[in-house]
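Letter by letter, the chains look like this.
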Amino acid sequence: MLLKLLRRYELKALAFLLGMFVIVTAVNPSFMSAESLTNCFNDSVVFTLLAVGAGFVILTGEIDVSVGSVLGISSAVAATCLRDGGSLPTAVCLALLIGAFVGLVNGIGVAVLKIPSLIFTLGTYGVARGAVYVYTGGAWVENLPAWFTGASHSYIAGYLTWFYAGVVLLVVAAQILISCTHKGRNFIAVGDNINGARLVGINPTQTKIWAFVLSGVFASLAGILFTSRIGFITPMSGNSYEMKAIAACVLGGISLSGGLGTLVGAAIGAVIMTSITRILVFLGLSSNYDNTITGIILIVIVVVNTVIQDRAILNSHREISLKRIAKEAFKE
Amino acid sequence: MAEEDLLLEARDVVKSFGLNLVLKGVTLTVHKGEVLSLIGGNGAGKSTLMKIIMGIYTADKGSLSICGQRLEGAITPSRAMKAGVYMVPQEPMIFPHMTVSDNVLMGFRGNKADLKKRLSEVYKEIGCTIDLSRLGMTLSIAEQQMVELLRGLMRQSRVLILDEPTSSLTFDEVQTLFKIIGDLKSKGIGIIYITHRMAEVFEISDTIGIMADGRITLNGPVSDFTREMLVNALLPETKKKEARERTPIEKKIRKAMPLIEFDHFSGYGFKDISFKVLEGEIVGIAGVVGAGRTEFATAVFGREKPLGGRVLLDGTDITGLSTKEVIRLGINYVPEDRHLNGLFGISPVASNITSALLNSKLTGKGGFLNQASENSIADRYIEDFRIKVTSRFQEAGSLSGGNQQKVVLARALATMPKVVILDEPTRGIDAAARGDVYGIIYKLREQGIAVILISSDIDEIIELSDRAVVFCQGRISAQFPRSKINQENLTAASFGVYKEDNHAA
């Protein structure tokens, strides 16, 4: 029972999203338009990339709270480069290098130095955010080239943007990586049972470092899309995005203790997180409720999951100790 | 046997952890198609030896060759596996969220389809019946072991180490496992079989190795051994003589009043436990690790749900009460692992000693703590128990093991209990502190407290107990009065081979 439920977690998340759409439409029929629906997806590109990146780390049983700050610093650097006449490849490369570097530092801190990931990435979160202020001098980065900001509004078909299509491709690629390649499977194995992973010859240190590097790279990629969509960068850009990214992972069925979940799930979770804001508008609620409602949904889902899982584990332990003393075992 | 049949050879392996010499020069060989049973008490060094063979620990001295290939330098688990050994650990390492086939194939490189094909061949070979698409978390221990065996066979291991594989299996599952072991044997795979169960040894092994105190004391074909020899060989050299005369103990059991009584008490991990403890009596509970003793204690203490039977304290039924209630009624439990369950490491010694009193005696007007009485209680125990501290404000975590144990004991006793359950009270503490702890336990007895002493150290049971109860696989296998508590009887009963008539052996 439980297993089937867990396995189809992505489907449940998708059903939850559709349920939300139906309820909003019932309250406010004007929500049900092709444009408004596709925009729920188009708007989710930034969170999707952040969530998929963080998803790699969470699958290994660690956590990365620095992704919002990585988005901040890499978008500030990329935006400045573009504003000053740099080419797109230069800007993108700079951003990705920054993301990979912060991820590498995180990975070494957590996997090699064995610092708890929450503490270590909280540190890099602060450092990266501080770097944005230092780099920009606290000023906004504006006047970006129109070809760059316009890119976020180019459509592949109907109301669907090129950006979203690209992100979907990336998500699928990432999912194939973790479910179909042996290197990718290592992420899940390490999160599922780190000692077991060691025993079958997987190197957990290397695997975790890779997870953090990928997280950093995805966060900086998110930074580039963010810059194009918003059109300017402030020192606070991407602030507190990490919370939404992590929440998206959990909503999409990735277990915070690692080893369970899919990146596709995280991507669906990201759409849910983005849609909540949009839906509140259509429900006539102030966006002030945004964080509260997101928080409540998150808590309910996590509590329900934990209770179900703990039950299963406790029961299996009890079953084992009962079997141990079962009558036939006592024959000597 | 011929030289080319030699699969594994460990020669003069020495290993110490700190000052503790665990392996004192062990030599061990396994040949093709041989099942070697390795027997030994807790702490004899079996697990350490196996971990060295698997490359999890590095030996201080000695050499290791696997399949004729001598392994030099640092051995890692992946090197050992490549050379052809695989260990099925006592608690299998399963990925709970993965399917059976993913669990087996994890860590392999190469074409998935090829791997799957090989898996299905190996799977058929050993007659495995587990649905390959089931998730790891749904597997029973027996099935988890099957997965581990598959992992080993997929790696084309020539030597399989099975670490107490039957300790959590039912009878039928054990038979299935033995059949598979027979098949593997006929394919020329060598097996090291670690167990606590004498009967199994004679059922499946070709050779027997007995480990005691970091050495292999006896090694030879199974036909050279008898059950009695095994029990005898398990005793440390010095203890084979008559159990030493004990200090006067018997004199002081005052009233023959059962203070606490267990009546067919059952729970998760133990069943049908019936015995009584009198006022001022020490009852030792002996048995091997995993015999259900700790589970029994935690169930009495209200931490696990009981499944049947009764616990009577002073004649009143206290079965299934909460921990808080149980403490209030006068039972206290000092857990086995003081770091995990007992001590508040970064709090001062005084707060540790009085922490069990916070609900009652210490609380003064308006819910504030009465500092003066906290200090006086703490000082009394520090002096009584000879706890070595710089002051009562020293951090408890900075004390030595023995003194930490005294602090935990003091905390339990500060509640003025009628019954105390001590779970391995002297594990990992030095001889001097051990003497002090014994002194404390004797003092409890004089005060008329009923003491239930759980210990895997047979000497400790012999030294302290007025009566001994022996657990084996979750049940009581024997009970001994003071006069019959000795190494032979306790060892035999712990391994489930005690018979009324062989106690004189």
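Residues numbered from 1 in each chain as written. Chains lettered and ligands numbered in written order. Predicted model: local features only at pLDDT ≥ 70, side-chain atom pairs only at ≥ 80, totals over all residues. Heavy atoms only, no water.

Participant: Sorry if this is basic, but what is going on with the side chain of Asp192 of chain A here?
Facilitator: Looking at the element boundaries, Asp192 of chain A is found in helix H10 (residues 182-192). This buried residue, Asp192 of chain A, is left without a salt bridge; Arg185 of chain A holds the nearest opposite charge, at 7.5 Å. Leaving out residues up to four positions away in the same chain, Asp192 of chain A has contacts with Gly258 and Gly259 of chain A together with Phe95, Pro96, His97 and Met98 of chain B. (Helix = DSSP H or I, 4+ residues; strand = E, 2+ residues; numbered from the N terminus. Buried < 20%, exposed > 50% of the residue type's maximum accessible area, 1.4 Å probe, protein only. Lys, Arg positive; Asp, Glu negative; His and termini not counted. Salt bridge = Lys/Arg side-chain N within 4 Å of Asp/Glu carboxyl O. Contact = heavy atoms within 4.5 Å.)

Participant: Honestly, the domain arrangement of chain B in this entry has me stumped. Any pointers?
Facilitator: Each assigned domain of chain B is listed with its residue range as follows: domain 1 (3-234), domain 2 (259-330 + 418-499) and domain 3 (340-416). Summarising the inter-unit geometry, the C-alpha centres of domain 1 of chain B and domain 3 of chain B are found 46 Å apart. (Domains from an automatic or database assignment.)

Participant: Please clarify how the sheet that holds strand E15 (residues 316-317) of chain B should be interpreted in this entry.
Facilitator: Strand pairing within a sheet occurs via backbone hydrogen bonds; the two strands may be parallel or antiparallel. All names here are of chain B. Ordered by their spatial adjacency, 4 strands build an open sheet running E12-E11-E14-E15, and the pairing between neighbours is antiparallel. Strands with a single pairing partner mark the edges of an open sheet, and in this sheet they are strand E12 (270-278) and E15. The sheet contact formed by strand E14 (residues 306-313) and E15 spans 2 bridges and is antiparallel. By the bridge assignment for E15, Leu312 is matched with Asp317. (Pairing = 2+ DSSP bridges.)

Participant: Whenever I open this one, the pattern of salt bridges confuses me. Can you help?
Facilitator: Close approach of charged atoms lets side chains of opposite charge pair. All names here are of chain B. If you walk through the whole model with that rule in mind, you get 20 salt bridges over all chains. Here Glu143 ties to Arg134 by a salt bridge, and the two come within 3.2 Å at their closest N and O atoms. Among the ionic pairs, Arg310 bridges to Asp263, the shortest N-O distance being 3.4 Å. Here Arg310, found in strand E14, pairs with Asp263, found in strand E11 (residues 258-267); they are 47 residues apart in sequence, far enough to count as distant.

Participant: How should I be thinking about the sheet that holds strand E6 (residues 85-88) of chain B in this particular structure?
Facilitator: Residues and elements named next belong to chain B. Taken together, the 6 strands give an open sheet; going across it, the order is E6-E7-E8-E3-E9-E10, and neighbouring strands pair in mixed fashion. In this open sheet, the two strands that pair with only one neighbour each are E6 and strand E10 (215-221). The sheet shows a mean angle of 15° between the axes of neighbouring strands, taken without regard to direction. Lying on the sheet, helix H1 (residues 46-53) is in contact with strand E3 (35-40), E6, strand E7 (159-163), strand E8 (190-195) and strand E9 (207-212); it crosses E3 at an angle near 135°. (Axes fitted to C-alpha atoms, helices over the stretch in contact; angles between N-to-C directions.)

Participant: How should I be thinking about the pairing of strand E13 (residues 282-286) of chain B in this particular structure?
Facilitator: Consecutive side chains of a regular strand alternate in pointing toward one face of the sheet and then the other. Residues and elements named next belong to chain B. Along E13, 5 of the 5 residues are buried, which leaves the element largely enclosed by surrounding structure. Neither face of E13 is exposed, since Ile282, Gly284 and Ala286 on one face and Val283 and Ile285 on the opposite face are all buried. Here E13 runs beside strand E18 (residues 450-454); their pairing, made up of 4 bridges, is parallel. Paired with Val283 across the bridge in E18 is Ile452. Where E13 lies against strand E19 (residues 467-472), 4 bridges are found, and the strand directions are parallel.

Participant: Even after reading the chapter, I still don't get the nonpolar core, so can you show me in this structure?
Facilitator: Most often, soluble globular proteins keep nonpolar side chains buried together rather than apart. Judged by nonpolar contacts, the single largest core of 158 residues is most densely connected at Phe56 of chain A together with Leu28, Met50, Ile53 and Ile192 of chain B. Apart from the residues lying within four places of it in its own chain, the contact partners of Leu28 of chain B are Leu8, Glu9, Ala10, Leu36, Leu38, Leu49, Met50, Ile53, Ile192 and Ile216 of chain B. Core analysis: the second largest hydrophobic core is formed by 56 residues, Met198, Ile273, Val283 and Ala450 of chain B among them. (Core = buried A, V, L, I, M, F, W, Y, C linked by side-chain atoms within 4.5 Å.)

Participant: Just checking my understanding: could you explain helix H5 (residues 67-83) of chain A for this structure?
Facilitator: Think of an α-helix as turning once every 3.6 residues; residues three or four places apart then point the same way. Residue and element names in this part refer to chain A. Its 17 residues give H5 an end-to-end C-alpha distance of 24 Å, which sits within 8% of 24 Å, the value for a rise of 1.5 Å per residue. Most of H5 is tucked away: 16 of the 17 residues are buried. Positive backbone phi, at 90°, marks Gly85, one or two positions downstream of H5. (Expected span 1.5 Å × (residues − 1).)

Participant: Would you take a moment to explain the packing of aromatic side chains for this structure?
Facilitator: Working definition: an aromatic ring pair is given by the centre-to-centre distance plus the angle between the planes. In total, this model carries 20 aromatic pairs over all chains according to the counting rule given. With centroids separated by 5.8 Å and ring planes inclined at 80°, the aromatic side chains of Phe226 of chain A and Tyr241 of chain A adopt a geometry described as edge-to-face. Of this pair, Phe226 of chain A sits in helix H12 (residues 204-230) while Tyr241 of chain A sits in helix H13 (residues 241-251), and the two are 15 residues apart along the sequence. A centroid spacing of 5.4 Å and a plane angle of 45° characterise the contact between Phe265 of chain B and Phe270 of chain B, whose relative ring orientation is tilted. Ring-pair connections join several aromatic residues into one group, and the members of that group are Phe262, Phe265, Phe270, Phe275, Phe296 and Phe471 of chain B. Lying across the ring of Tyr381 of chain B, Arg380 of chain B places its NZ or CZ 4.9 Å from the centre. (Phe/Tyr/Trp six-rings, centres within 6.5 Å; stacked < 30°, edge-to-face > 60°. Lys NZ or Arg CZ within 6 Å of the ring centre and 35° of its normal.)

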